[in-house]
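Residues per chain are reported as follows:
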Amino acid sequence: MMGRLQGRVTMVTGAGQGIGEAIARRFAGEGAVVIGIDRNVETLKAVCAALPEAVAWPIDVTDHQAMERCFSQTVERFGGIDVLVNNAAISYYVPVVDTTLAQWHETLAVNLEAYFLAAQLAARRMIERGCGRIINVASTQAIACEPLVGAYAASKGGVLALTRSLGVELAPYNILVNAVVPGCIHTPMSVINGIDETQTELFKEWYAGRRKIPLGRPGEPHEVAGVVLFLASDDCQYMTGQMLVVDGGLTITF
Ligand SMILES: NC(=O)c1ccc[n+]([C@@H]2O[C@H](COP(=O)([O-])OP(=O)(O)OC[C@H]3O[C@@H](n4cnc5c(N)ncnc54)[C@H](O)[C@@H]3O)[C@@H](O)[C@H]2O)c1
């Protein structure tokens, strides 16, 4: 049976673990060629080695020259790029008054500038072929915030604005640009200073027990990957510049 992404060339940043890994696996399961990008060589190689057709690019998304090489060689080898998923991101958990300028710059460089750069590199190739999909992973912190994540929240707000801007500008070339907005997802990123945030008493009592998250549990990476697959697939045709919130209802509660 043909997969929903059969033969499509897909690029996924942060494919070494968590949500990016789940996206890479789901895409591969639907017949896609996966170009995985991650700065963690070991995890990335392990993920890509388990997929039927994948290439591992162990690079940092903020290394502009390395990213340029990755995109050029992908086009040379596979003839084009069908889907880009901007997913790699970082977060510091620091009060705003203690956040250093270096932390602010690093957060913006990984979470926003690198999304812009990869979208630019992909769009140049997609414009030539008159089609493509760009999917940006944002966060509910761009919509409703907790303390300690000022730079992260700002970067994710930027991702949503960038998604709308690219959606408008690239629509004439049949390139659809959308964002997925995860809430609390159970990944290595949810382990903060050695504590799994989804296992704390606060989480169990407030988010799950009292249903601050109406679905009463954290999400799993594959539950985000399924939505990203929809945005990358032919089922998504008349939709661009939008955000799909995958948060178990977190942001619809008081
Ligand atoms: N886990 C959550 O609860 C949650 C919630 C909202 C949004 N998100 C977003 O989902 C995406 C994935 O998050 P996750 O939880 O899977 O994170 P994660 O930390 O588990 O994985 C992120 C991956 O990105 C890679 N990476 C980080 N910086 C990089 C860089 N400069 N160059 C190359 N690779 C880099 C890491 O090595 C890692 O493999 C991120 O955009 C994150 O902001 C996650």
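The rules behind these values
- Residues numbered from 1 in each chain as written.
- Predicted model: local features only at pLDDT ≥ 70, side-chain atom pairs only at ≥ 80, totals over all residues.
- Heavy atoms only, no water.
- Domains from an automatic or database assignment.
- Contact = heavy atoms within 4.5 Å.
- Buried area = accessible area lost by both parts, 1.4 Å probe.
- Salt bridge = Lys/Arg side-chain N within 4 Å of Asp/Glu carboxyl O.
- Polar contact = N/O pair within 3.5 Å; in protein donor to acceptor, adjacent residues only side chain to side chain.
- Phe/Tyr/Trp six-rings, centres within 6.5 Å; stacked < 30°, edge-to-face > 60°.
- Helix = DSSP H or I, 4+ residues; strand = E, 2+ residues; numbered from the N terminus.
- Buried < 20%, exposed > 50% of the residue type's maximum accessible area, 1.4 Å probe, protein only.
- 1 Å grid on protein atoms, 1.4 Å probe; cavity = no way out; pocket = protein on both sides within 12 Å on 5 of 7 lines; lining within 4 Å.
- Points joined across faces, edges and corners; volume = space filled by probe spheres on them.
- Nonpolar A, V, L, I, M, F, W, Y, C, P; charged D, E, K, R; others polar.

**What to know about the domain arrangement of the protein chain**
Consideration 1: Along its sequence, the protein chain is organised into domain 1 (9-183 + 220-244) and domain 2 (191-218).
Consideration 2: Just the C-alpha atoms count here: the centres of domain 1 and domain 2 sit 26 Å apart.
Consideration 3: Listed by partner, the interface residues are four residues for domain 1 and four residues for domain 2.
Consideration 4: Taken together, both faces of the contact between domain 1 and domain 2 bury some 300 Å²; the carbon and sulfur share is 41%.
Consideration 5: Of all residues in domain 1, Tyr93, Glu220 and Glu223 bury the most surface against domain 2, accounting for 84% of the area lost on that side.
Consideration 6: Summed over the shared surface of domain 1 and domain 2, the result is one salt bridge.
Consideration 7: Its salt-bridge partner being arginine 217, residue glutamate 223 comes within 2.8 Å of it at the nearest N-O pair.
Consideration 8: Across the contact surface, domain 1 and domain 2 share two residue pairs in polar contact (both at pLDDT 80 or more).

**Regarding the packing of aromatic side chains**
Given two aromatic rings, one states the distance between the centres and the angle between the planes to describe the pair.
Consideration 1: Here the structure, examined in full by the defined rule, presents one aromatic pair.
Consideration 2: Taking 5.4 Å as the distance between ring centres and 20 degrees as the angle between the ring planes, the aromatic pair formed by phenylalanine 203 and tyrosine 207 counts as stacked. Here the residue phenylalanine 203 and the residue tyrosine 207 both occupy positions in helix 6 (residues 201-209), the gap between them amounting to four residues, near one helical turn.
Consideration 3: Taking the relative accessible area as the measure of exposure, phenylalanine 203 reaches 5% and is therefore buried.

**Here's the deal with the layout of surface pockets**
Consideration 1: What the second largest pocket holds in volume is close to 220 Å³.
Consideration 2: Lining the second largest pocket are Phe116, Ala119, Gln120, Ala123, Arg124, Ile127, Leu162, Ser165, Leu166, Glu169, Leu170 and Tyr173.
Consideration 3: When residues of the lining of the second largest pocket are traced back to their parent elements, those giving at least two are helix 4 (101-129) and helix 5 (150-170).
Consideration 4: With six residues, the single largest contributor to the lining of the second largest pocket is helix 4.
Consideration 5: Per-class residue counts for the lining of the second largest pocket are eight nonpolar, two polar and two charged.

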